[in-house]
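So the chains spell out like this:
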Amino acid sequence: MTANNLQRLTELRAKIDAVDESVHNLLMQRASVIDELIKVKGAATQKGAAFHPGREASMMVQFAKRHGGSLPLEMIIHIWRDIISTFTYLQANYTVHLSDVGDTNLLRDMARFQFGFTVPFQNHDSIKQAFGVMAETGNALAVIAVEGEKCWWQYLGGKNGLGLMARLPVLVETKLPSVDAFVVAPPTTEAIPFDWRTYAGFVESTDALNDWTGGKVIAIDTDEQGRYQALIAIADGGAAPKSMLDIRAVGGYFEQIEPAA
Ligand SMILES: O=C(O)C(=O)C[C@]1(C(=O)O)C=C[C@@H](O)C=C1
């Protein structure tokens, strides 16, 4: 390396240090904003979780729209997922529950992408067990693969009031390995303006909703008694299938982001 290059390298490293200092100071400043936000949100946060899925979804859309340059958008989304999840944790502690079923390494990677490393994780032998612990402990989330365990959505929306809150991965059509999965959450104090509202109920067969055009079929499977149970999503203007019985609302999700959004 020439003497000139060496000098330039030293200058560039000084620039990196200055940028890092600014980013670090800004993050600490963000934390002090959250300190005030905790006071303003007060009672709402004390009652339950501090999650605001609609706000989070719109923030992610802004990042995708604003993004440019050589830095992969995945990295920006991951950093801010970690920031938001940690700041949510600072407002009201919560645990992320996972079940030891299916490709657990992949699901754990997806969950860490979404929630970072500050938030504690807890593993369970089954989704049913994870939901049981969530119902008992309150402030808790679960990350569940659609194909994770037979008919797991049958446990949503009952006495425990658990429902879907987000669909993963947040960023679709990237090279990051992923499976279709959902974040499951306890009931929230305020109504969430989801893009897609989700419903669970009984159908006659796996083909029962083939002709239905009022929304999307997420999954249909048989339960322990051999009954078919479906999980569907309906957007504004859509309509529930008439052939679905005992239909109950089980949360919803916001549109996932495509890198060019
Ligand atoms: O906007 C809020 O209500 C917040 O709690 C702040 C914040 C964030 O860190 O930006 C954290 C959690 C919410 O899910 C959304 C956003």
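The shown structure was predicted, so the numbers you read here are calculated from the model rather than taken from an experiment.

### What to know about the site of the ligand
Here's step 1: Among the 14 residues in the neighbourhood of the ligand, the closest are listed as Arg30, Lys41, His52, Glu56 and Gln91.
Here's step 2: The separation between an oxygen atom of the ligand and a polar main-chain atom of histidine 52 is 2.8 Å.
Here's step 3: Glutamate 56 is positioned with one of its side-chain polar atoms (N or O) 2.4 Å from an oxygen atom of the ligand.
Here's step 4: Protein contacts shield 92% of the accessible area of the ligand, which totals 360 Å² for the unbound molecule.
Here's step 5: Only helix 1 (3-47), helix 2 (53-66) and helix 3 (73-91) provide two or more residues apiece to the shell around the ligand.
Here's step 6: A per-class count over the shell around the ligand returns seven nonpolar, three polar and four charged.

### Some thoughts on the environment of alanine 208
Here's step 1: Its place among the elements puts alanine 208 in the loop between strand 6 (196-203) and strand 7 (216-222).
Here's step 2: Residue alanine 208 is classed as partly exposed on the basis of its relative accessible area, which comes to 28%.
Here's step 3: Placed 119 residues apart in sequence, alanine 208 and tyrosine 89 show a C-alpha to C-alpha distance of 42 Å.
Here's step 4: Apart from residues no more than four positions distant in its own chain, alanine 208 is found in contact with Val203 and Ser243.

### Regarding the pattern of salt bridges
Here's step 1: For the structure on display, the rule yields five salt bridges.
Here's step 2: With a shortest N-O distance of 3.0 Å, lysine 150 and aspartate 221 are connected by a salt bridge. Residue lysine 150 is located in the loop between strand 3 (140-145) and strand 4 (163-168), and its partner aspartate 221 is located in strand 7; the two are separated by 71 residues in the primary sequence.

### A word on the pairing of strand 4
Remember that side chains alternate between the two faces of the sheet whenever the strand is regular.
Here's step 1: Along strand 4, six of the six residues are buried, which leaves the element largely enclosed by surrounding structure.
Here's step 2: As paired elements, strand 4 and strand 5 (residues 181-185) share five bridges and run antiparallel to each other. Bridging from a neighbouring strand, arginine 167 pairs with phenylalanine 182 of strand 5.

### Details of the environment of leucine 90
Here's step 1: Tracing the backbone shows leucine 90 in helix 3.
Here's step 2: Leucine 90 gets classed as exposed once you look at its relative accessible area, which sits at 51%.

### With respect to the domain arrangement of the chain
Here's step 1: Partitioning the chain into structural domains gives domain 1 (1-47) and domain 2 (49-193).
Here's step 2: Centre-to-centre, using C-alpha coordinates, domain 1 lies 25 Å away from domain 2.
Here's step 3: Across the contact, nine residues belong to domain 1 and 10 residues belong to domain 2.
Here's step 4: Summed over both partners, the interface of domain 1 with domain 2 buries about 880 Å², with 64% contributed by carbon and sulfur atoms.
Here's step 5: The tally of links between domain 1 and domain 2 comes to zero salt bridges.
Here's step 6: Taken together, domain 1 and domain 2 are joined by one residue pair in polar contact (both at pLDDT 80 or more).

### Here's the deal with the packing of aromatic side chains
Here's step 1: Applying the stated criterion across every chain, the model contains nine aromatic pairs.
Here's step 2: When the ring of tryptophan 152 is compared with that of tryptophan 153, the centres are 5.8 Å apart and the planes differ by 80 degrees; the resulting orientation is edge-to-face. Grouping residues by exposure puts tryptophan 152 and tryptophan 153 together as buried.
Here's step 3: Between phenylalanine 194 and phenylalanine 254, the ring centres sit 5.4 Å apart and the planes meet at 50 degrees, which makes this aromatic pair tilted. Here phenylalanine 254 lies in the segment after strand 9 (245-253) and phenylalanine 194 lies in the loop between strand 5 and strand 6, a separation of 60 residues in the sequence.
Here's step 4: Note on phenylalanine 194: relative accessible area 10%, which makes it buried.
Here's step 5: An aromatic cluster is present here, built from Phe51, Tyr89, Tyr94 and Phe115 joined pairwise through their rings.

### As for the nonpolar core
Here's step 1: Counting 32 residues, the largest nonpolar core has Tyr94, Phe115, Leu141 and Val143 as its most contacted members.
Here's step 2: Of all the secondary-structure elements, those providing two or more residues to this core are helix 2, helix 3, strand 1 (95-99), helix 4 (104-115), strand 3, strand 4 and strand 5.
Here's step 3: In this structure phenylalanine 115 touches Arg81, Asp82, Ser85, Tyr94, Val96, Phe121, Leu141, Val143 and Val183, once residues within four positions along its chain are discounted.
Here's step 4: Counting 24 residues, the second-largest nonpolar core is a separate cluster that includes Met134, Ala140, Ile144 and Tyr253.

The rules behind these values
Residues numbered from 1 in each chain as written. Predicted model: local features only at pLDDT ≥ 70, side-chain atom pairs only at ≥ 80, totals over all residues. Heavy atoms only, no water. Near = heavy atom within 4 Å. Polar contact = N/O pair within 3.5 Å; in protein donor to acceptor, adjacent residues only side chain to side chain. Areas by Shrake-Rupley, 256 points an atom, 1.4 Å probe, with all protein chains shown as cover. Helix = DSSP H or I, 4+ residues; strand = E, 2+ residues; numbered from the N terminus. Nonpolar A, V, L, I, M, F, W, Y, C, P; charged D, E, K, R; others polar. Buried < 20%, exposed > 50% of the residue type's maximum accessible area, 1.4 Å probe, protein only. Contact = heavy atoms within 4.5 Å. Salt bridge = Lys/Arg side-chain N within 4 Å of Asp/Glu carboxyl O. Pairing = 2+ DSSP bridges. Domains from an automatic or database assignment. Buried area = accessible area lost by both parts, 1.4 Å probe. Phe/Tyr/Trp six-rings, centres within 6.5 Å; stacked < 30°, edge-to-face > 60°. Core = buried A, V, L, I, M, F, W, Y, C linked by side-chain atoms within 4.5 Å.

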